[in-house]
Amino acid sequence: MVLFATTTTITVIVAAIFIIFTSAIFASIAIIKQSAFADGLTQEQLSASLGNRKADLLIKMNPAVVTTETLEQGQKPTIEFRLFDSNTNQSFSHVTYYIILEKDGKRLLSNMFHDHNGDLKIQVNPINTTSKAATTSLSGGEQDPLLGILTAAQADPIIASGPIFLRGGLYHFIVRIETVDSDYTLLPDNQEPIYDSWLSIGNTENMQISIDGKQIPIKIISYYDKLSDFGFDNKNMQILFDMPFNWNVSRINNTSIFVHEEVTVPKANAFTAKGSFIGKVNGIDISKNVMVDNTNPEKDVIHVMIPKNNLIQLADQVNKNGQASTGLMKFTLQPGGTGGAAGMSMPMSSMGSMASGM
Ligand SMILES: [Cu+2]
């Protein structure tokens, strides 16, 4: 399957795919108008109200693809927090954000930040330390002389250095708005919008599989949670791996959720020979959620992308099968099938228009 007429980098493709799915998720959030909880994303827009104004919070990672491997290579991602009136697309001014960041229940950051233009950017500087008591230190910006709140300055961005984004998986952001319109007028407690968001860092695993006596290096990036029990069944030509997953249907129903696994396999060999792949989760065929990016002659990048509605269907079956209690999403990938998710072969131009429509 030829995905795009133009030659693009894999990063761009992945980002575009994310944009398609996240656009769909944003649309559903806008329709049901609830302040949402989410996981499995690299950006999110959450809705709330502030008096008679709509107050949406955009939380966005830049670049869109952040993995344990790109971070180890020195990438310093930025997290953007932008509070805006979604009726007018105007940012609120003089916004004070109280931001809590947690990973697996451990608090990594709990601080107030101010941005006069409402568009706060915090650069993350992950620091690997063996100390269990490691905390995040902040630099850059300017201290407000009256309140001591760190304020973003154009030329001097705020940098958070500490044990942030060291591991892949979900990072939980809790954001409370303390001021808008004015630096020193705090919102009354019961009028402070609170947003709950989960952003995802890809967890990269490099593995070897043996096909016809040849060692082949495989890379798997999981954007939802850390993988385990990676294996290769030579007889069935099947890559297997597991991921922790809570199959509770009402949990999935109540969240903006998206599972994305990315498997890179060098060409050519018996695994890539067919050019398309059968994907299964807990034995259930999900080949329609498998999309092969074959734009690189050296390697296939196999994306398994399961949006919320498909996750709900899967969870229904997994619960009926009695497999839910394992708390695992068990993936298999093998050559075969007709290849490609329907609708994934759209031209780059329509992806671009979807991107700019956000
Ligand atoms: Cu201000």
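Our subject is the structure that appears above.
As a starting point, this report considers the structure included with it. (Residues numbered from 1 in each chain as written. Predicted model: local features only at pLDDT ≥ 70, side-chain atom pairs only at ≥ 80, totals over all residues.)

This next bit is on the overall build of the chain. The number of helices and strands found in the chain is five helices and 24 strands. Within the span of the chain, comprising 358 residues, buried residues form 34% of the whole. Partitioning the intrachain contacts of the chain with sequence separation of at least 6 by distance along the chain shows that 69% fall at a separation of at least 24. (Helix = DSSP H or I, 4+ residues; strand = E, 2+ residues; numbered from the N terminus. Buried ≥ 20, exposed ≤ 12 C-beta atoms within 10 Å, placed from the backbone. Contact = placed C-beta atoms within 7 Å.)

This brings us to the pairing of strand β12 (residues 158-162). Where strand β8 (residues 119-126) and β12 come together, five bridges link them in parallel fashion. Looking at the pairing, proline 126 lines up with glycine 162 of β12. Where strand β9 (residues 137-139) meets β12, three bridges bridge the pair, whose relative direction is antiparallel. The partner of serine 137 across the bridge, within β12, is serine 161. (Pairing = 2+ DSSP bridges.)

Once that is clear, we can look at the sheet that holds strand β6 (residues 95-103). Taken in spatial order, the six strands line up as β10-β11-β7-β6-β13-β14 in an open sheet, and their pairing is mixed. What marks the edges here is a single partner per strand, and that holds for β10 (142-143) and β14 (194-201). Note that β6 and strand β13 (residues 169-179) share seven bridges and pair antiparallel. If you follow threonine 96 over to β13, its bridge partner there is threonine 179.

Another aspect to go through is unusual backbone geometry. Each neighbour pair has its own omega, and for asparagine 62 with proline 63 the value is 0°, a cis peptide bond. Considering the arrangement of structural elements, one finds proline 63 in the loop between β3 (53-62) and α2 (68-72). Here the amide bond leading from lysine 267 into alanine 268 is cis, since omega sits at -10°, within 30 degrees of zero. Examined against the element boundaries, alanine 268 turns out to sit in the loop between β19 (255-266) and β20 (277-281).

This part is about the environment of aspartate 119. Note on placement: aspartate 119 falls in strand β8. Using a count of 17 C-beta atoms within 10 Å as the deciding quantity, one classes aspartate 119 as partly exposed. In this structure, the C-alpha to C-alpha distance between aspartate 119 and leucine 83, residues 36 residues apart in sequence, is 6.8 Å.

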